[in-house]
Protein chains: 2
Amino acid sequence: MKWGWVFLGVFLSLGTLSWGETGLEIPEYDGKDRVHDLTAKNYKSVMKKYDVMVIYYHKNVDGNRSAMKQFQIEELALELAAQVLDDLDDEDIGFGLVDEKKDSAVAKKLGLDEVESIYIFADNEIIEYDGELASDTLVEFLYDVIEDPVENIDNERELKGFHNMDEVIKLVGYFKSEKSPHFIEYDDAAEEFHPFVKFYATFNPKIAKKLKLKMNEVDFYEPFMEEPVTIPGKPYIEAELVDFIEEHDRPTLRKLEPHSMYEIWEDDIDGEHIVAFAEEDDPDGFEFLEILKEVARENTDNPNLSIIWIDPDNFPLLVPYWEKTFHIDLSSPQIGVVDVEDVSLSCVQVNSLCGEGIHWQNKILEINIQTQDCFAFFLFLFFSNDLRS
Amino acid sequence: MKWGWVFLGVFLSLGTLSWGETGLEIPEYDGKDRVHDLTAKNYKSVMKKYDVMVIYYHKNVDGNRSAMKQFQIEELALELAAQVLDDLDDEDIGFGLVDEKKDSAVAKKLGLDEVESIYIFADNEIIEYDGELASDTLVEFLYDVIEDPVENIDNERELKGFHNMDEVIKLVGYFKSEKSPHFIEYDDAAEEFHPFVKFYATFNPKIAKKLKLKMNEVDFYEPFMEEPVTIPGKPYIEAELVDFIEEHDRPTLRKLEPHSMYEIWEDDIDGEHIVAFAEEDDPDGFEFLEILKEVARENTDNPNLSIIWIDPDNFPLLVPYWEKTFHIDLSSPQIGVVDVEDVSLSCVQVNSLCGEGIHWQNKILEINIQTQDCFAFFLFLFFSNDLRS
C-alpha cells in the first residue's frame, strides 16, 4: 500500500499553536471529589450551600460488577461537570448522589420518584433531566437552567433569531413593560416549563405588529410550524397559560436532542412513535426533512401522530448500533415505526432517495396510524422516475 | 430551603422506557484492545488490513505522570471510537498509535510530521485531523471521510439544503454527467480537500440555471457569503481548481468546530485573529452574528481580516475557563483579538447588547487592523439609545 502526501491548502501549519493548544484545552477531571453523597443527615445542610443543586438519583449497584463500572463512569461525568462549574462566577452549582436503596428516605423527602434520573433544584422548582449522562450535555443544559426564563425580542434581527429557533415549543407575548401584571403572570408560567419550553416577550409595538400580536396576547408555536396558535382569552393568568401548554404539549414533529433523549419516548401512543433519520447537513437528508415538516404541518391536528426526527450527526456513537440492530443504512434518510417496549423498529421504508433514476417526488398522501400490529403504520410514499422532466 | 414539585407537562412518564433505555444507550468501552501499537515491523501488515487507518502520532510520555494520565484518556477515546466503528458494515477502519520517540522510523516512513495530530490514511490520501480528541467528534469526522467527496444536487429541495450549508468553504459545478472528463477533474480536486471543503455538483440544467452556472463552470463559496466567485477559465483541469482553492482558503469569517478546533489558529497573521463569541440560539447572539456576517461580506476582499466565530454552546466545558481567563461574560456576545502565542485575548469589547436602554444599532463602520500592538484592532461599534422610536 502506498500513501502519498496531500496538500491540504486550508490547514497548513504556519506557526506555534499556543492559543489553540492551551486556550482550547478541553478540561479533564483533576481527581478532586466535588460530588456529595447525600444522606438523611447531611442533605439539608449541603443543599443550603448552593443556588442550584443537581442530584443524580441512581440505582443501587452493590454486588453487581458491571453496574458498578457503569456507575463509576457516570460519577466521573458528574465530577467533571462539577469541576468545570466550580469556576463559574455568578452561580454556585452543587452536585449530589442519592442511592435508591440506601437513601430512600432522602429520595422521599425530596420527591424523587424516577430512578436513573437527574433532578435539578433551582429557584424553588424541580427540573427533571432525562438526557445523556455526559458532562458537556449536562453542563450546557445547566447554563439554560440558570438563564432567565423569558427572553426579550427588541429588534428585527432578534426577531429573525426568534424565527430561526424552530426546533422547540416556544411562546411569544406582547406586553406593555416588564412591570405589567400580565407579563408577571407570563413570567411565572415560563418558570414552570423552563428550560424545556422557550418563552419570549416583546415590549416593542413595531415587533408586536410584525408578530401580529395585540397587547397582552400570547402566541404558541409548535416545533417546525410556521403559523402559531393564539392562546384564547387574553389577558391570561398563569394557570390559564399552564393549562394551554399542557394541552398542546405533544408536538407532531420533534427533534431528538441529547439533553432530553430518554424522556421524549415517554408520551408514546400504545407504545409507538414514528422515527425518521435524516442528516440535515446533507442534501438528501435536508430534502427529506423538508418533506417531513410539510407532512407535520398538514397533519398537525392529528393527535395520534408523533414523528421523532433523529439527526445521526448528533449521535455519532449510536449510528453503527442503529444500522446493525434495525438493518438500515443511515447514509440515506430512513423512516419507520418504533415499538418503545420491544426496542424494535418495524416497517422501515428504505428510501433510495438518491438511488439510480429514482427520485422522491415529494408526495406523502396519507398517514394512517393503526395501533395493533407491525403494519400499524402506512406511509404512502410516491416516487417518480423522473423529476427532471 | 423548601422545594415544591413542578408539573412539567411535556415530560410526564406514561409507561416503560425500553427503547429510550436500550435503543439509545450511548456505548461505553468494553475493555477489549483494538488500537494497534505500530512499529517498524508491523505497521505495513496492520495497515493492509484496513480500508481506512487512523493513526495518532503522540508524544512520548515515559516518566511523566501527568502526561501518562492524559495519554491514557486519549487512548480510551480512540479505543471507544474503534469499538463503535467495529460494527460498521461497509468499511474496515483501523486505529494505531505511533510514539514520537520509540517509533520515529515509522513516523518518517509515513510522513507524519506534527506530533499530537491524528493522521487518517484513506484512498491514497492522508488527512490531518487536528480536532478534539473525543470519540464522538472523531467518529463523526470519520463518517465524513468515508463519504463520497462530491455530493449531487438534483432538485430544488436539495438546492435549498446546499444553500443552508453556509458554515464551510463549498464549491458547486455543473457538468453533463458523472462520466464527463471535466467532472472527473473536479472529483479529483475534491479528493484533495475532502472532507474539509465541501464539493457539490449538479447534472440538472434547471438546477444549474438557478445557480447561474454554465456547463463545466464551478462556483466557489466562502463561508457565510451569499454571492459565490466563479472560478475563471472553464473548463478546468484538477491543478487549476486546486490552485484556486489554495489561493482562496482563508475565509473572512469562520466558525470554530470541534473537529478542527486546533488547526483553525494556524493561519494567523502576525499571531492574531479576531474572535467573536455568539450563541446562535439566543436572540442577542443571533443578532450579533448577523452583524458579523454583514461585516464579513462587506470586507471579504481584505486579506488581513480573519474573524473566528465561537458558539459557546458547542464548547460547554470551556465556557467557565474562557470567562475566567479573559474576564468576559459569555451570556452576552463578546468580541476581541486573540494573540495566538500568548494565550491572551486583548481589547475585548464588552457589549451590553441587552443592557438597560442600550441597543445595538447595527452599524459597524470601520474595521481596521494594525498588527503591532494590543490596540491592533479597532472595531467601531455604534450604539443608539433608542431603537424603538
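Quantities reported herein were computed from a predicted structural model and do not represent experimental measurements.

Draft legend 1. View of the overall build of chain A. Each helix and strand in chain A was counted, giving 11 helices and 17 strands. Looking at the 389 residues of chain A, the share that counts as buried comes to 56%. Nonlocal contacts in chain A, meaning residues at least 24 apart in sequence, comprise 69% of its contacts between residues at least 6 apart. Entry remark: accessible area of chain A is about 17,400 Å², with carbon and sulfur atoms responsible for 47%.

Draft legend 2. Helix H10 (residues 283–298) of chain B, seen in detail. All names here are of chain B. With 16 residues, H10 ought to run about 22 Å at 1.5 Å a step, and its terminal C-alpha atoms sit 23 Å apart, in line with that. The buried fraction of H10 amounts to 13 of the 16 residues, a majority that puts the element mostly inside the structure. Of the residues that open H10, the one with a side-chain oxygen 3.2 Å from the backbone nitrogen of Asp 284 is Asp 282.

Draft legend 3. How the structure looks around the sheet that holds strand E8 (residues 198–202) of chain A. Residues and elements named next belong to chain A. Read from one edge to the other, the open sheet built from 5 strands follows the order E6-E8-E7-E9-E10, with strand pairing classed as mixed. Looking along the sheet, the strands with just one partner apiece sit at the ends: strand E6 (150–152) and strand E10 (229–230). The sheet contact formed by strand E7 (residues 170–174) and E8 spans 5 bridges and is parallel. Opposite Leu 171, over in E8, you have Phe 199 as the bridge partner. Relative to E7, helix H6 (residues 156–164) is tilted by about 150°, and along the sheet it contacts E6, E7, E8 and strand E9 (218–221).

Draft legend 4. The arrangement of the environment of Tyr129(B) in detail. Residues and elements named next belong to chain B. Note on placement: Tyr 129 falls in strand E5 (residues 125–129). The class of Tyr 129 is buried, set by a relative accessible area of 2%. In the structure, Tyr 129 is positioned 105 residues away from Leu 24 in sequence and 28 Å away in space, judged by C-alpha atoms. Ignoring sequence-local partners within four residues, the contact set of Tyr 129 consists of Ser 117, Ile 118, Ile 120, Thr 137, Leu 138, Phe 141, Pro 258 and His 259. Here the side chain of Tyr 129 touches Glu 132 through a polar contact of 2.6 Å, landing on its backbone oxygen.

Draft legend 5. Here's a closer look at a negative patch on the surface. A grouping of Asp51(A), Asp92(A), Asp123(A) and Glu191(A) is seen on the molecular surface, where their side chains present a negatively charged patch. Under the relative-accessibility criterion, Asp51(A) is labelled partly exposed at 39%.

Draft legend 6. Broad picture of the pattern of salt bridges. In this structure the tally under the stated criterion is 19 salt bridges over all chains. With a shortest N-O distance of 3.0 Å, Arg34(A) and Asp86(A) are connected by a salt bridge. Here the residue Arg34(A) occupies a position in the loop between helix H1 (18–23) and strand E1 (36–37), and Asp86(A) occupies one in the loop between helix H3 (65–85) and strand E3 (93–99), the gap between them amounting to 52 residues. Relative accessible area serves as the criterion here: at 14%, Arg34(A) is assigned to the buried category. A salt bridge links Lys210(B) to Glu156(B), with the nearest nitrogen and oxygen atoms 3.3 Å apart.

Draft legend 7. View of the sheet that holds strand E6 (residues 150–152) of chain B. Residue and element names in this part refer to chain B. Taken together, 5 strands build an open sheet; the order of strands is E6-E8-E7-E9-E10 and the sheet is mixed. Strands at the two margins of the open sheet, each flanked by one partner only, are E6 and strand E10 (229–230). Judged from the 4 bridges that link them, strand E7 (residues 170–174) and strand E9 (residues 218–221) form a sheet pairing that is antiparallel. Within E9, the position partnered with Gly 173 by the bridge is Val 218. Its contacts with the sheet place helix H7 (residues 181–193) against E6, E7, strand E8 (198–202) and E9, and it is angled at close to 160° to E8.

Draft legend 8. View of the side chain of Asp282(A). Relative to the helices and strands, Asp282(A) is located in the loop between strand E12 (272–277) and helix H10 (283–298). No salt bridge is formed by the buried Asp282(A), whose closest oppositely charged neighbour, Lys198(B), lies at an N-O distance of 8.5 Å. At 3.2 Å, the side chain of Asp282(A) and the backbone nitrogen of Asp284(A) are in polar contact. Excluding anything up to four places from it in sequence, Asp282(A) contacts Glu147(B) and Glu151(B).

Conventions and cut-offs
- Residues numbered from 1 in each chain as written.
- Chains lettered and ligands numbered in written order.
- Predicted model: local features only at pLDDT ≥ 70, side-chain atom pairs only at ≥ 80, totals over all residues.
- Heavy atoms only, no water.
- Helix = DSSP H or I, 4+ residues; strand = E, 2+ residues; numbered from the N terminus.
- Buried < 20%, exposed > 50% of the residue type's maximum accessible area, 1.4 Å probe, protein only.
- Contact = heavy atoms within 4.5 Å.
- Areas by Shrake-Rupley, 256 points an atom, 1.4 Å probe, with all protein chains shown as cover.
- Expected span 1.5 Å × (residues − 1).
- Polar contact = N/O pair within 3.5 Å; in protein donor to acceptor, adjacent residues only side chain to side chain.
- Pairing = 2+ DSSP bridges.
- Axes fitted to C-alpha atoms, helices over the stretch in contact; angles between N-to-C directions.
- Patch = residues over 30% accessible without salt bridge, like charges linked within 9 Å, V, L, I, M, F, W, Y side chains within 5 Å.
- Salt bridge = Lys/Arg side-chain N within 4 Å of Asp/Glu carboxyl O.
- Lys, Arg positive; Asp, Glu negative; His and termini not counted.
- Charge placed at Lys NZ, Arg CZ, Asp CG, Glu CD.

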